[in-house]
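# What the coordinates show
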Amino acid sequence: MYFYLIRAFRNVPYTSTAYLEDSQKMDIPASSFDAVLDSCIQSLESVKGWALTAYPADATGDAVNFNTGRVTRSMIYALLCEMYLWKKDYQQCINYADLLIEEKKKEAKEKYGYSETDFADFNGYPLIASRRTVLGSPRYGYAFNQIFVSGNSLESIFEINYSKNGGTDQISNVAIGNIYGGSGHSPRVTYSTYIGNDSKDDNNKVFGKADIRAKENMYLSAAFISKFTLMSSFSQNGNTSIAKNLDYYGVQAQYPTTDNGKTSLNKSNFIIYRISDIMLLKAEALTQLMKDNQTTLDDVDKAYRDEAFGLVDAVNKRSMCYTTASVTTSPDVLNVADYDTKEKITDLVYKERHRELMFEGKRYFDLVRRSLREGNVEYLRENVLNKDVNLRSAINATMKDLNGIFLPYHIDELKVNTNLTQNPAFPSGENSSYTSTN
């Protein structure tokens, strides 16, 4: 949670001592981002060997969910992988990513019966294929179903589990929907017009025409769906919902699958880390080992570029809807020759993370991390402005420097902890817009 806090607020009050009684001092000053990050890393490094690599199997089969729904050594490795990326210790980020990738390969072979041949289309990485041939025709959405509908998949490293038995007395994750702006108990939230119109209007700056993720991520109109020219084998059934368009795999990320996906009994797990996320973190670290301002890549940087591209390409190819068994027939296949500078391959990594991890709580933190590394907010502001042009003046006024990309402390926090100093990008809170009722 401290890792979330510093990414959102930058400097936060930090203590590694438990509060056991009221006499302890609680109104402590904020510690710096770097100090908290270093302390979290040191803490995890000191205990990583204590965590189970896997929970023992039991008669109910719950151990499968325990291995991704509870703390394991792999979960700690995933945290360290991302933390080291924020610390700019790129080699350590890569080291932990490699441990996780190899662990997933081993798990895929030993527990799921995969072979190296199964990973051939994904450059040897342990990804679940989206495409399956059913009754002689290609169908898409299998990976989505395994990762987000069934949950606790091969690709999962850590996720918050929710009950799937459909009972009204069971825990549901509607709180996540509310956090993201959903109304009532609906698990659905509205995507930005930028994302929706990008594919609908054939701009394709985010998702390519053959990218299944645009369709999996959003509830879209028939006019939009018709633009997926390589999806002729989909079963439309006169319904434009994800569940019907990909009906063989029942791609509908909630339980029970009634009310056209708008049920209040949303049981989808909330995924914190999965292997494609880790692969793309490694890709970003590799790009940052490259030297700046090279017009022609030397052999060392070319090797970094090639490995980073291979990771991005594997994730990207998994989501291509193609009409034959060869992914090379897709019009959206990436070409390594197009990414011949550090800047270009870095941008590709960020674009792929945007596509792959959309609505998973990663995007803004990715933009913050890049801003801190580059020492300016230009890339972040450019991307945030895409979301809503009506907010242009507010975004330009607030996000004009690094202070403006972090949240302000809530006024109640400032009242109970006088050692906190408000983020200078925001007013103190005691202004005309604040009243005792809001």
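Along each chain, residues carry numbers from 1 onward, in the same order as the chain's sequence is written. Only residues with pLDDT of 70 or above have their local features reported here, since the model is predicted, and side-chain atom pairs are shown and tallied only from 80 upward, although totals for entire chains, interfaces and linings are computed over all residues. By convention in this description, side-chain values take in all heavy atoms of the structure and omit both hydrogens and water.

### As for the overall build of the chain
For the record, the criterion: Runs of H or I in DSSP of at least four residues are treated as helices and runs of E of at least two as strands, each being numbered from the N terminus. Working definition: with a 1.4 Å probe on protein chains only, accessible area under 20% of the residue-type maximum means buried, over 50% means exposed, and in between means partly exposed. Contacts between residues were defined by any pair of non-hydrogen atoms, one from each residue, lying within 4.5 Å. Surface exposure here means Shrake-Rupley accessible area, sampled with a 1.4 Å probe, where a residue is shielded only by the protein chains that are shown.
In terms of regular secondary structure, the chain is built from 18 helices and six strands. Here the chain holds 438 residues, and the buried ones make up 49% of them. Restricting the contact set of the chain to residue pairs at least 6 apart, pairs at least 24 apart contribute 62%. Carbon and sulfur atoms provide 52% of the accessible area of the chain, an area that totals close to 21200 Å².

### Some thoughts on the environment of Asn 417
The condition is simple: Polar contacts here mean pairs of N or O atoms no more than 3.5 Å apart (in protein, one a potential hydrogen donor and the other a potential acceptor; neighbouring residues in sequence count only if both atoms are side-chain atoms).
Topologically, Asn 417 is positioned in the segment after α18 (411–416). The exposure class assigned to Asn 417 is buried, which follows from its relative accessible area of 5%. The sequence separation of Asn 417 and Pro 29 amounts to 388 residues, and the corresponding C-alpha distance is 8.0 Å. Not counting residues within four places of it along the chain, the set of residues in contact with Asn 417 comprises Pro 13, Asp 27 and Ile 28. Here the side chain of Asn 417 touches Ile 28 through a polar contact of 2.9 Å, landing on its backbone oxygen.

### Details of helix α6 (residues 142–150)
Along α6, the residues that are buried comprise Tyr 142, Ala 143, Phe 144, Asn 145, Ile 147 and Val 149. Looking one or two residues past α6, Gly 151 carries a phi angle of roughly 80°, positive in sign.

### What to know about the side chain of Glu 284
Of note, Glu 284 is situated in helix α12 (residues 275–288). The class for Glu 284 is buried, based on a relative accessible area of 0%. Among residues more than four places away in sequence, those in contact with Glu 284 are Leu 85, Val 349, Tyr 350, Arg 353, Arg 369 and Arg 373.

### Things to note about the pairing of strand β6 (residues 270–274)
Rules: Paired strands, as defined in this entry, are two strands with at least two bridges between them according to DSSP.
Here β6 lies mainly inside the structure; five of its five residues are buried. Of the strand pairs in this sheet, strand β5 (residues 156–160) and β6 are connected by four bridges, and their pairing is antiparallel. From the neighbouring strand, Ser 156 faces β6, where its bridge partner is Arg 274.

### What about the nonpolar core?
Test applied: In this description, a nonpolar core means a group of buried Ala, Val, Leu, Ile, Met, Phe, Trp, Tyr and Cys residues linked to one another through side-chain atoms lying within 4.5 Å.
Counting residues in hydrophobic clusters, the biggest one holds 74 residues, and the most contacted among them are Phe 3, Leu 37, Met 83, Tyr 273, Ile 275, Ile 278 and Met 279. In terms of residue count, the dominant contributor to this core is helix α4 (residues 73–87) (11 residues). Tyr 273 has contacts with Phe 3, Ala 78, Leu 79, Glu 82, Ser 156, Ile 157, Phe 158, Ile 278 and Lys 362, leaving out every residue within four places of it along the chain. Counting residues in hydrophobic clusters, the runner-up holds nine residues, among them Tyr 114, Ile 128, Tyr 142 and Leu 154.

### Brief notes about the packing of aromatic side chains
Cut-off, in case you're wondering: Pairing of aromatic rings covers Phe, Tyr and Trp, the last through its six-membered ring, and needs centres within 6.5 Å; plane angles under 30 degrees mean stacked, over 60 mean edge-to-face, and all others mean tilted.
Under the defined criterion, the tally for this structure stands at 12 aromatic pairs. With a centroid separation of 5.9 Å and 70° between ring planes, the pair formed by Tyr 55 and Phe 66 is classed as edge-to-face. Pair noted here: Tyr 55 is in the loop between α2 (33–47) and α3 (63–69) and Phe 66 is in helix α3, with a separation of 11 residues, a long-range link. The exposure class of Phe 66 is partly exposed, given its relative accessible area of 23%. Chaining the aromatic ring pairs together yields one cluster made of Phe 3, Phe 33 and Trp 86.

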